[in-house]
Amino acid sequence: MAIKYLTYPLLFRYALGFAAAVALAGTTDQNTESLRELEDLLDRARSTQLEILGDSATTAGKRSQACTPKNLTVRRAWGALNETERKAYTDAVLCLQALPGKTPTNLVPGVRSRYDDFVATHINQTLNIHYTGTFLAWHRWFTYIYEQALRNECGYTGSQPYWNWGLYASDPASSPIFDGSDYSMSGNGEYIANKGPIALTLDDYPVIYLPAGTGGGCVMSGPFKDMVVNLGPVSLPLNNGTVLSGSGFDYNPRCLKRDISAGVNSAYANATSVVNLILQNNDIWDFEMVMQGVPGSGSIGVHGGGHYTIGGDPGDDVFVSPGDPAFYLHHGMIDLVWWTWQTLDYGNRHDAISGTGTFLNNPPSPNTTLDDIVDLGYAGGGPITMRELMSINDGPFCYTYI
């Protein structure tokens, strides 16, 4: 979806829509205040983006594909889409799941679809794209290439929606994303009683216990109720304190499971957490570490907060998490938050990266640079430099968030 100029009346109109969504969500006073503060930050980000595009207009003729306010693709929150738009998106995802995969099965025996190509790529690169210098840019590119696959291979004409975690933090299972209707991303898993917490362990750091959700079993409603998860597990924490391990690459067909947890959403991915992440971390290292959860802090950050709100299998498995289609709405929000943070000091933050090429620098590896290559393999997109992935209105990108 391309739009004409993002004028201030248009921005105001969408702001009114956001305010209505806040009222319908039934959030707490503190969360509502933070949601409005977040919307103010988004308004500032959009204004800055328009200024940047205006400043670059004089040099647009020198670029083969200039991004302008006229051709920006607009990404919107799931709740802002109408039913026709939501169904078009889920139909495209189902289409991708029905197309043959491109990954050779001698490399990844479990791949059965184009959708699985993305899951396999994430499994293969997980330890080089989390707690690394590439974390944010890699996932920006990954989500974008997924969006392009929906458009170019499945006829989708919309854009990648996002999940504003704070809007429904107190009851995500009742949100338009997870309410289980035909126009949702499918509902919670079937309820399993007497589940213990999920225990997250990392080296010698204290264990983080996450409250169980209100599902746990197979997803029974919505567009993905019959979905088959083919890949994984690699490292799936279970409610009994154990971890189900595997290579992740073998063919392992099973239902999609979810255990949606308001406790996790409210604790780690509420609107106040998002606003504080954006405003209280001026350095890219601090920003990305707090987003992911500083080891030893007891927090899993908004990144972990979104993933473990979904829960289940493969949602709780860091490696295999793109096996749940809600992954891409979650990472749309991750990208929105990074973009908003970048625009607050665009001159200094546009190219800001920090970290090495390995998970928490284990094993030790060189610092990530803007000339490093990101390659999604059989998912698509081809090799691209980090430098080209740093702005959503430059390089291959030309989109915004409302």
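In this report, the structure presented in the accompanying data block is examined.

### Looking at the packing of aromatic side chains
The description of two aromatic rings rests on the distance between their centres and on the angle between their planes. Across all of its chains, the model carries 21 aromatic pairs by this definition. On the basis of an interplanar angle of 85° and a centroid distance of 5.3 Å, the ring pair of W163 and F178 is categorised as edge-to-face. Of this pair, W163 sits in the loop between α5 (135-154) and β2 (189-191) while F178 sits in the loop between α5 and β2, and the two are 15 residues apart along the sequence. Overall, the relative accessible area of 2% leaves W163 in the buried class. By way of ring pairs, the aromatic residues Y115, F118, W138, F142, Y146, F327 and Y328 are connected into one cluster. Note that R75 overlies the ring of Y399, its terminal NZ or CZ placed 4.0 Å from the centroid. It is R112 that lies over the ring of Y251; its NZ or CZ is 3.8 Å from the centre.

### So, empty space enclosed by the protein
Inspection of the entire model under this criterion finds one cavity of 30 Å³ or more. There is about 40 Å³ of room inside the largest cavity. What lines the largest cavity is simply G133, L136, A137, I284, E288, W338, A352, I353, S354, M386 and M390. Put simply, the parts of the chain that give the lining of the largest cavity at least two residues each are α5 and α8 (284-292). The class makeup of the residues in the lining of the largest cavity is eight nonpolar, two polar and one charged.

### Things to note about the side chain of T358
Within the element layout of this structure, T358 appears in the loop between α12 (346-349) and β10 (373-374). With relative accessibility at 12%, the residue T358 sits in the buried group. Of the polar contacts made by the side chain of T358, one reaches the backbone nitrogen of N362; its length is 3.4 Å. Not counting the four nearest positions on each side in its chain, T358 is found in contact with L127, N128, Y131, T132, P363, P364 and S365.

### What about the pattern of salt bridges?
Overall, the coordinates contain 14 salt bridges when judged by the stated rule. One salt bridge in this structure joins D43 and R46, with 2.4 Å as the shortest N-O distance. With D43 and R46 both in helix α2 (residues 29-56) and three residues apart, the pair spans about one turn of that helix. Notably, a salt bridge pairs R75 with E147, separated by 2.9 Å at the nearest N-O pair. Taken together, the residues span a long stretch of sequence, with R75 in strand β1 (residues 73-75) and E147 in helix α5 at a distance of 72 residues. The residues R75 and E147 share a single accessibility class, namely buried. It is possible to trace a salt-bridge network through shared partners that takes in R75, R140, E147 and D335.

### Some thoughts on the packing of α8 against helix α11 (residues 327-343)
Following both chains from N to C, one finds α8 and α11 inclined at 155°, their axes separated by 12 Å at the closest point. Classified by the angle between their axes, α8 and α11 sit roughly antiparallel to one another. Note on packing geometry: the crossing formed by α8 with α11 is right-handed. Counting all contacts with α8, which are made through I284, F287 and M291, the residues of α11 involved are I334, V337, W338 and W341. Considered class by class, the residues forming the contact of α8 with α11 number seven nonpolar, no polar and no charged.

### Observations regarding the environment of H350
In this fold, H350 is placed in the loop between α12 and β10. In this structure the C-alpha to C-alpha distance between H350 and T157, which are 193 residues apart in sequence, comes to 29 Å. Contact partners of H350, with chain neighbours within four places excluded, come to Q342, M390 and S391.

The rules behind these values
Residues numbered from 1 in each chain as written. Predicted model: local features only at pLDDT ≥ 70, side-chain atom pairs only at ≥ 80, totals over all residues. Heavy atoms only, no water. Phe/Tyr/Trp six-rings, centres within 6.5 Å; stacked < 30°, edge-to-face > 60°. Helix = DSSP H or I, 4+ residues; strand = E, 2+ residues; numbered from the N terminus. Buried < 20%, exposed > 50% of the residue type's maximum accessible area, 1.4 Å probe, protein only. Lys NZ or Arg CZ within 6 Å of the ring centre and 35° of its normal. 1 Å grid on protein atoms, 1.4 Å probe; cavity = no way out; pocket = protein on both sides within 12 Å on 5 of 7 lines; lining within 4 Å. Points joined across faces, edges and corners; volume = space filled by probe spheres on them. Nonpolar A, V, L, I, M, F, W, Y, C, P; charged D, E, K, R; others polar. Polar contact = N/O pair within 3.5 Å; in protein donor to acceptor, adjacent residues only side chain to side chain. Contact = heavy atoms within 4.5 Å. Salt bridge = Lys/Arg side-chain N within 4 Å of Asp/Glu carboxyl O. Axes fitted to C-alpha atoms, helices over the stretch in contact; angles between N-to-C directions. Parallel < 35°, antiparallel > 145°, perpendicular 65-115°, else oblique. Left-handed = near helix turned anticlockwise from the far one by under 90°.

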